[in-house]
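Notes for the structure review
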Amino acid sequence: MTGLKIDNLTIHHQGAALARLHGHIPPGQVLTVMGPSGSGKSTLLAALIGALPPGFSTTGSVTLNGRAVMDLPTQDRRIGLLYQDDVLFPHLSVEQNLGFGLTPGIGKAERRAHIHAMLDRIGLAGLGPRDPATLSGGQRARVALARTLLAAPEALLLDEPFSRLDQALRAQIRALVFELAATLPVILVTHDAEDARAAAGPVVDAMGNTLSL
Amino acid sequence: MNRRTFGKTALSTLALMAVSSRLAFAADWQSILAEAKGQTVYWHAWGGDTKINDFIAFIGAEAKARHGVTLEHVKLASTADAVARVLAERDAGQTTGGAVDLIWINGENFAAMKAQGLLHGPFAPALPNWPLVDTMGKPATVTDFTLPTEGYESPWAMAQFVFEYDSAKLAAPPRTLHELAAWILANPGRFSYPQPPDYLGLTFLKQVLYGVLPDPALLQAPVDPASYDAATAPLWAFLDAIHPALWREAKAFPENEPALGQLLADGEIQISFAFNPGRASAEIAAGNLPDTVRTFVLEGGTIGNASFVAIPFNAAHQAGAQVIANLILDPAIQAAAQDPATLGFQTVLNLAALSPTDRARFDALDLGVATLSPADLGPVLLEPHASWMVKVGEDWVKRYGVTK
Amino acid sequence: MNVAARALGLAPWALRLGLGLPIAAGLAGTLWPALKDHGFQSLTAWPGLPRAVALSLGTGLASTLSALVITFLLIGCLGGTRGFATFRHLLSPLLALPHAAAALGLAFLIAPSGWIARALSPWATGWSDPPDLMILNDPGGLALTAGLVAKEVPFLLLMALAALPQTDAPRRAAIAASLGYGRAMGFVLTTLPPLYARLRLPVFAVLAYGMTNVDMALILGPSLPSTLAVQITAWMAAPGLDHLPTAAAGAVVQLALVGAAMALWRLVEHLTAPLIPALALRGRRGRALDAPLSTLARSLALLIALGLGTGLAGLVVWSFAGLWQFPDALPDSLTLKTWAKAAPDLTATSLTTLGIALAASLAALGLTLATLEAEARSTRPLRLEPLIYLPLILPQIAFLPGLQILALTLGAKGNAATVAAAHLVFVLPYVWLSLAPAYRAWDARIGLTAAAMGVSPARIFWHLRLPMLLAPVLTALAVGVAVSVGQYLPSLMLGGGRVETLTTEAVALASGGNRRLIGAVALMQMALPAMGFGLALALPRLAFANRRGMLAERGPA
């Protein structure tokens, strides 16, 4: 079964269930998890990616394109992650940041080609040698997205990725994200109803209960 | 002792007697005692040996009980630290209230301080216990490395160079320098000496000089640059011969006397040496060495000297310092020092001059299983002129100071 | 209020004076003899000079580079694992171990007649007498380098952990992992560059110490010839005092060497800088490196902890030992004699040491906090870093004698107060190093929010900034205490020999080889700073047990 199949994934902390998720997200669909800050949404993403802090445990299973991922280390899960900060590495140029994300095993010239093609795609052609700190917020968000996608993930997790951007940019970047990730199952964590509407997919809260907007 | 040294000693003693008769009128011991009462005397002395530190603490207790003087032992890594301190004070214009009241000193350090006028004195012959000191029988008490003390320092212990070995591992130790060399070559890696310019290391070199020089009397005079190279050639030949068979192939040396002793205790070397005939017994009593360790001297004698205390010119508590210097010469204290359970240092006193009670203290001492009796210790070779130590030390560093 | 604010503005000047004046006076007082008495001539006449220079450079650079690489290995490969947490909890006592005690412990461990040899003899090795092997004091300085590495890794690790929160390490690690990178590769490409930039200061301090230390070199280093710093010390202590100009010239050369080494280091930094971005561009995930590097990191961590720990244990056993001969693995008998005899002296000495350490550290902390706060409130950043690095980079042997003469001229008697004042010069840089990064990285928005609510700057400092920085402040204090306890030359030279600290005791004893007493003193030397670090770790945890945001960062997942 393709896509992300989550089977009663529950995050436990000090005996209590903090968050829960259940469902099947086919490629191209965006599941939105909504709720106020601190309600455990980000913990879900951490669990999915394999970055749970000590003291937390999980029950349930997750299958991605037929592979069970909960027992795999982060490196093998093929799940991409976008934070609300772009977390671009300031000591690398834009091109090097992207190269960092690009899958290995490709020759040098081909890598350059891929990176330039991606820069074109996100509308930042020619900005390869630039220092990320000299880019605007919107540009950095696009580079971060590009970096994540260049790694050819099989699913994408978005941790409130648009909340740092101003209103005008938000819609633009949102559209770009959903366009580029159109072939992937996506989980979007947000507290902004606009994001949920634009995602046009099922909406749940941190405990997995369906919400209506 | 030969005629030359006897003559020198006689002259030194006469000079001191003349000085002391003048001093007898100049200083009233009672007034010194009164002034000293309540003072805190800072005695700067090497602190690397716990037994010595304990002994100094014991003197402190006696000083407090008898004279109301508090003694503070300032532990030094090297006597030169105290010398430097006094010099720095003098350079800064501090002529009273100095930080150093008393220094355990001899040899080069004494010569340096005396030459630079950094010492208070003469004071030693005026001490009430001075008549007990065996100046005639132990000439080293008034002649410090061929320099007459002239009362600027007071002796408190005698030292003589003895060899140490573990009789359980070595049945018959060598008795001459050449037998020692042969033994070293036959047992590589089991002998070493402290690295010059360490005091004990230089003494070993001087001991070798006594053994290889055709005319050792040369050593009592200052170094003659013209004949120096020819004179010391046999020394370097001796060292060149034994170095390849030394501990660590002479690529490293123990730092000082206690480090050498530790090598013996660890079994790394089998023959060691020390400046204190009672050290081995004291270490056995303290549980640092097995009780099979014994000492030996070379036929022909080994080097000996005295340790002194001196008072800097700007000492804050001169009276107290003098009281301490006198107290150390007290027969009870001297006997305690000679007791191997305490220190095992040789006394500077003339046993024949003591009262029967005091004499009995010494007779009652168990010198320890490893200590040679005074008769067995053999003749004492006088320290060469200080210039020999300096020059030989420098040349040793030039020749062997950098491993190839 | 205004008075306090005005006084606060003076704090940077107080700090500049407090550091600059002693250094300037000390330098002048020491360098003058070098120039006026042909010191350089006699220095070049010393045959050991080329080798000593090579040793100083070699052991310093090698030990610093190794310690840095090991630190990065530990953080990169083991960060966040349970083993790392255990090793972190071993950090405090290892840090608290003064260099001399660590060196003595290691010396007993690895010597041919040492504990390892004794444990293996005669059953494994066939030795009934110690072999004649050049392990300690080897002419190449390997034993010294090993000792330096063992002692400096915990220090660099602590500094790195303090700097790690400012590098956004957990998120970068998560991103690198989600992109498929191995833990080690991910660390190197994403977190190492900013981490190293924050570690440069401590690294230079380590380099300077590695090149100019006297205590470890005396115990572990070569003696034919010795390192330059040891030789300078010997010249200063030589009887007759006519080697002073040579010593002074040597100090100048040592100074130049340290400068040259740092310049070389910067050059290499520059040349290797493009390597990491180039690696990032190639995108090689380096998964295969994780397993071997992890094993390597674990082994090295274990080696260091065991080496130092067993070394110290050896000294402790010696302090209770009766007769202990080779090849016995344990003493023939145990006794309390050593401790009983040492107790009165040891207590007095420990109290003196603690008093001086607290005085110097609290003063340093006060000056540091005042200056940092003054900087925070002013608009211009202070350029204090060069002056603060100076006591770390200048060899102590270069300016302490001059300082001694200055103290005498001012009429300052040799007592605990003078020693504490001297310690301040050397404690302050470490306190600053330890505290300033965390202080400056404090989220200014919190202060801004409070100010917008009408809270005065003083209240922001006392009620917001200071409590939030409790862990770094206490750590800085503990570092200050540890540095003070381990000081040798300042205590000796400025105390007029009348002030006995645990370290002056230990070095005086080290020259006498009495392992039993050294064991007792070493234990006390370690106990004082260990308590300090223990408190620095425990108090914030207690105070903020229910504040997860206040506790230290967690490593990469």
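Residues numbered from 1 in each chain as written. Chains lettered and ligands numbered in written order. Predicted model: local features only at pLDDT ≥ 70, side-chain atom pairs only at ≥ 80, totals over all residues.

1. Quick look at the overall build of chain B
Regarding its fold elements, chain B presents 14 helices and eleven strands. At 21 Å, chain B has a C-alpha radius of gyration in line with the 22 Å of a compact globule built from 404 residues. Considering only C-alpha atoms, chain B reaches an extent of 65 × 50 × 40 Å along its principal axes. Buried residues in chain B amount to 55% of all 404 residues. For chain B, long-range pairs separated by at least 24 residues make up 83% of all intrachain contacts whose partners lie at least 6 apart in sequence. (Helix = DSSP H or I, 4+ residues; strand = E, 2+ residues; numbered from the N terminus. Rg over C-alpha atoms; globule rule 2.2 N^0.38 Å. Buried ≥ 20, exposed ≤ 12 C-beta atoms within 10 Å, placed from the backbone. Contact = placed C-beta atoms within 7 Å.)

2. Here we look at the packing of helix H4 (residues 79–91) of chain B against helix H5 (residues 107–115) of chain B
What describes two packed helices is the angle between their axes and the distance between those same axes. Residue and element names in this part refer to chain B. Running from N to C, H4 and H5 point in directions that differ by 10 degrees, and their axes come no closer than 10 Å. The orientation of H4 with respect to H5, classified from their angle, is roughly parallel. Counted together, Thr79, Ala80 and Val83 of H4 and Asn109, Ala112 and Met113 of H5 form the full contact between these two elements. Per-class residue counts for the contact of H4 with H5 are four nonpolar, two polar and no charged. (Axes fitted to C-alpha atoms, helices over the stretch in contact; angles between N-to-C directions. Parallel < 35°, antiparallel > 145°, perpendicular 65-115°, else oblique. Nonpolar A, V, L, I, M, F, W, Y, C, P; charged D, E, K, R; others polar.)

3. Some thoughts on the sheet that holds strand E8 (residues 271–274) of chain B
All names here are of chain B. Spatially, E8-E7-E9 is the arrangement adopted by the three strands of the open sheet, whose pairing is antiparallel. Only two strands of the sheet have a single partner each, and these edge strands are E8 and strand E9 (293–296). On average, adjacent strands in this sheet sit at an angle of 35 degrees to one another, irrespective of strand direction. In this sheet, E8 lies alongside strand E7 (residues 162–166) in antiparallel orientation, the contact comprising four bridges. Considered in E8, the bridge of Tyr165 is made with Ile271. The strands touched by helix H9 (residues 257–266) within the sheet are E7 and E8, with E8 carrying the most contacts at an inclination of about 150 degrees. (Pairing = 2+ DSSP bridges.)

4. So, the interface of chain B and chain C
Counting from both sides, the interface comprises 52 residues of chain B and, opposite them, 42 residues of chain C. If you list the elements that add at least two residues to the side of chain B that touches chain C, you get strand E1 (40–46), helix H3 (50–67), strand E2 (70–76), H4, H5, H9 and helix H14 (386–400) of chain B. Counting residues per element, the side of chain B that touches chain C draws most heavily on H4(B), at ten residues. Taken together, the residues that form the side of chain B that touches chain C break down as 21 nonpolar, 16 polar and 15 charged.

5. With respect to the interface of chain A and chain C
Note on interface size: it is often stated as the accessible area lost on association of the parts. Taken together, the contact pairs 25 residues of chain A with 25 residues of chain C. Breaking the side of chain A that touches chain C down by element, the ones donating at least two residues are helix H2 (74–77), strand E6 (79–82) and helix H3 (94–101) of chain A. Of the residues forming the side of chain A that touches chain C, the biggest block, five residues, is contributed by H3(A). Each residue belonging to the side of chain A that touches chain C can be placed in one class, and the counts come to 13 nonpolar, ten polar and two charged.

6. Topic: helix H12 (residues 331–338) of chain B
All names here are of chain B. Burial analysis of H12 places six of its eight residues in the buried class, the great majority of the element. Taken residue by residue, H12 has Pro331, Ile333, Gln334, Ala335, Ala337 and Gln338 as its buried positions. Taken together, the buried residues of H12 touch H3, strand E6 (153–160), helix H11 (318–328) and helix H13 (356–363).

7. Some remarks on helix H5 (residues 137–150) of chain A
Residue and element names in this part refer to chain A. Its 14 residues give H5 an end-to-end C-alpha distance of 20 Å, which sits within 8% of 20 Å, the value for a rise of 1.5 Å per residue. For H5, a buried count of twelve out of 14 residues is recorded, marking the element as mostly surrounded by other parts of the structure. Among the residues of H5, those classed as buried are Gln139, Arg140, Ala141, Arg142, Val143, Ala144, Leu145, Ala146, Arg147, Thr148, Leu149 and Leu150. Buried residues in H5 make contact with E6, H3, helix H4 (108–121) and helix H6 (167–180). Just past H5, the residue Ala152 takes up positive phi, approximately 55 degrees. (Expected span 1.5 Å × (residues − 1).)

8. Examining the packing of helix H7 (residues 142–163) of chain C against helix H9 (residues 183–212) of chain C
All names here are of chain C. Two numbers describe how H7 lies on H9: the axes approach to 10 Å, and their chain directions differ by 155 degrees. Compared by their axis directions, H7 and H9 come out roughly antiparallel. Between H7 and H9 lies a crossing of right-handed hand. Packed against H7, whose contacting residues are Leu148, Glu152, Phe155, Leu156, Met159, Ala160 and Ala163, the element H9 presents Leu195, Arg198, Leu199, Pro202, Val206 and Gly210 at the interface. Class assignment of the residues belonging to the contact of H7 with H9 gives a composition of ten nonpolar, one polar and two charged. (Left-handed = near helix turned anticlockwise from the far one by under 90°.)

9. Comments concerning the confidence of the model for chain B
The predicted model of chain B has a mean per-residue pLDDT of 87, with 93% of residues at 70 or higher. Both scores are available for the predicted complex, with the pTM at 0.79 and the ipTM at 0.88. (pLDDT = per-residue confidence, 0-100.)

10. Things to note about the sheet that holds strand E2 (residues 16–25) of chain A
All names here are of chain A. With antiparallel pairing, four strands are arranged side by side in an open sheet as E2-E1-E4-E5. Strand pairing shows two members of the sheet lacking a second neighbour, E2 and strand E5 (67–68), which therefore form its edges. Relative to strand E4 (residues 56–64), strand E1 (residues 4–13) is paired through eight bridges, and the arrangement is antiparallel. Across the sheet, Thr10 pairs through a bridge with Thr59, a residue of E4. Lying on the sheet, helix H1 (residues 41–49) is in contact with E1, E2 and E4; it crosses E2 at an angle near 65 degrees.

11. Side note on the pairing of strand E3 (residues 102–105) of chain B
In the case of a regular strand, side chains alternate between the two sheet surfaces. Residues and elements named next belong to chain B. By the alternation rule, side chains of E3 split into Leu102 and Trp104 and Ile103 and Ile105, which are all buried. Of the pairings in the sheet, the one linking E1 to E3 comprises two bridges and is parallel in character. By the bridge assignment, His44 is partnered in E3 with Ile103. Here three bridges tie E3 to strand E10 (residues 302–310), and the two strands are oriented antiparallel to one another. Looking at the pairing, Ile103 lines up with Ala310 of E10.

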